[in-house]
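# Coordinate analysis (summary)
Here are the chains, one letter per residue:
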Amino acid sequence: MTGDLHCHTRLSDGSLGIEDIIAQAKRTGIDFISITDHDTMASTSRAMVLGERYGVHIIPGVEFSAFDKKRNRKVHILCYMPEKPDRLEGLCMKISDLRKQRMKKMIEKVMEIYPITMESVLKYAAGSTSIFTQHIMHALIDLGYTTEYFGDLFHVLFNSKTGTCYVPIQYPDVNFVINMIHSADGLAVMAHPTIYDSFDLMDELAESGKLDGIEAWHHSNTVEDTSRILSLCLEHNLIPTGGSDFHGMYSSHSCPIGSYITPKESIERILKKNK
């Protein structure tokens with residue numbers, strides 16, 4: 001019994017639909033899957049229906065964008081199995097609205113450099129609950145300005161420190177996000193601590209008892225990172241999870257569904273912890 005507990009669809013910044021992902025999970029022999037789109041749980045009902053049809057178990061999930069104010073860094077928190085998901089709707093809407101406002105400013109900056117239109121970007125965001133840089137890059141690829149989503153042009157435009165079109169965003173405080181997840185009776189799991197150098201925060205949250213788990217198996221984690229995370233999980237009785245962080249073609253690396261998985265023991269703990 002294995003699961004890929006980190007996948008994105010067109011509802012956020014993935015390139016495939018819900019059914020495509022569930023069907024692929026079935027083909028690759030994955031028993032459990034969680035669609036963890038950014039700041040939205042809009043996939044849950046549809047995923048449950050399709051999961052039953054394909055014989056793949058669905059663990060409801062969402063990946064929240066948050067901010068570590070103490071270290072001035074972004075951080076992602078995965079939420080699994082919220083028993084009261086309605087309590088998270090306001091948070092999802094708030095973050096999505098912040099992202100839309102910011103991305104429209106970024107699109108306007110890109111339009112000052114390249115003769116593209118707002119419509120050429122928005123057509124790729126039509127199925128999403130927000131707008132992402134992948135949608136802007138897709139428009140630029142279509143019009144021949146680049147051939148890569150995360151190549152040199154992406155870094156020139158959107159690097160968080162030097163990007164000519166980058167616009168900063170202030171996500172909700174990580175402690176607030178975790179508290180909201182727990183108020184919804186969900187499990188709060190830190191995603192890929194390596195990507196945003198969240199190890200100090202990880203240790204702090206684990207020590208304080210605020211986390212329920214940490215993503216130990218992820219393409220960004222080195223062998224040493226995974227070992228450190230597993231040791232911390234063992235010390236504080238946290239659930240180690242894993243997932244491909246699948247985005248389809250909207251990805252900077254090759255990482256198919258099922259390339260990183262959550263083992264049986266962790267899945268059982270996730271399922272039991274909310275009963």
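Relevant structure appears above.
### Some points on the layout of surface pockets
Rolled over the atoms, a probe sized like a water molecule indicates the empty space that remains. As a volume, the largest pocket reaches approximately 1300 Å³. Around the largest pocket sit 40 residues that line it, and Lys 74, His 76, Phe 154, Ile 195 and Tyr 196 are the ones nearest its centre. Listed by contribution, the elements that provide at least two residues to the lining of the largest pocket are strand E4 (61-68), strand E5 (73-80), helix H3 (89-111), helix H5 (133-142) and helix H6 (152-158). Ranked by residue count, the leading element in the lining of the largest pocket is H3, at four residues. Here the lining of the largest pocket is composed, by residue class, of 15 nonpolar, 17 polar and eight charged. In this structure, the second largest pocket encloses a volume near 260 Å³. As for the second largest pocket, its lining consists of 15 residues, of which Thr 40, Met 41, Ala 42, Glu 89 and Cys 92 are closest to the centre. Per-element tally for the lining of the second largest pocket: the top contributor is H3, with six residues. Considered class by class, the residues forming the lining of the second largest pocket number six nonpolar, four polar and five charged.

### So, empty space enclosed by the protein
Under the counting rule described, the total for this entry stands at one cavity of 30 Å³ or more. Of the voids in this model, the largest cavity is the one considered here, and its volume is about 30 Å³. If you go around the largest cavity, the residues you meet are Ile 35, Ser 43, Thr 44, Ala 47, Ile 58, Ile 59, Pro 60 and Gly 61. Of the residues contributing to the lining of the largest cavity, the split by class is five nonpolar, three polar and no charged.

### Some points on the packing of helix H8 (residues 199-208) against helix H9 (residues 223-236)
Taken N-terminus to C-terminus, the directions of H8 and H9 make an angle of 10°; their axes are 10 Å apart at the nearest point. Comparing the axis directions of H8 and H9 gives the class roughly parallel. Crossing handedness for the pair H8 and H9: right-handed. Within the contact between the two elements, H8 uses Phe 199, Met 202, Asp 203, Ala 206 and Glu 207 and H9 uses Asp 225, Arg 228, Ile 229, Leu 232, Glu 235 and His 236. Tallied by class, residues from the contact of H8 with H9 come to five nonpolar, one polar and five charged.

Thresholds applied
Residues numbered from 1 in each chain as written. Predicted model: local features only at pLDDT ≥ 70, side-chain atom pairs only at ≥ 80, totals over all residues. Heavy atoms only, no water. 1 Å grid on protein atoms, 1.4 Å probe; cavity = no way out; pocket = protein on both sides within 12 Å on 5 of 7 lines; lining within 4 Å. Points joined across faces, edges and corners; volume = space filled by probe spheres on them. Helix = DSSP H or I, 4+ residues; strand = E, 2+ residues; numbered from the N terminus. Nonpolar A, V, L, I, M, F, W, Y, C, P; charged D, E, K, R; others polar. Axes fitted to C-alpha atoms, helices over the stretch in contact; angles between N-to-C directions. Parallel < 35°, antiparallel > 145°, perpendicular 65-115°, else oblique. Left-handed = near helix turned anticlockwise from the far one by under 90°. Contact = heavy atoms within 4.5 Å.

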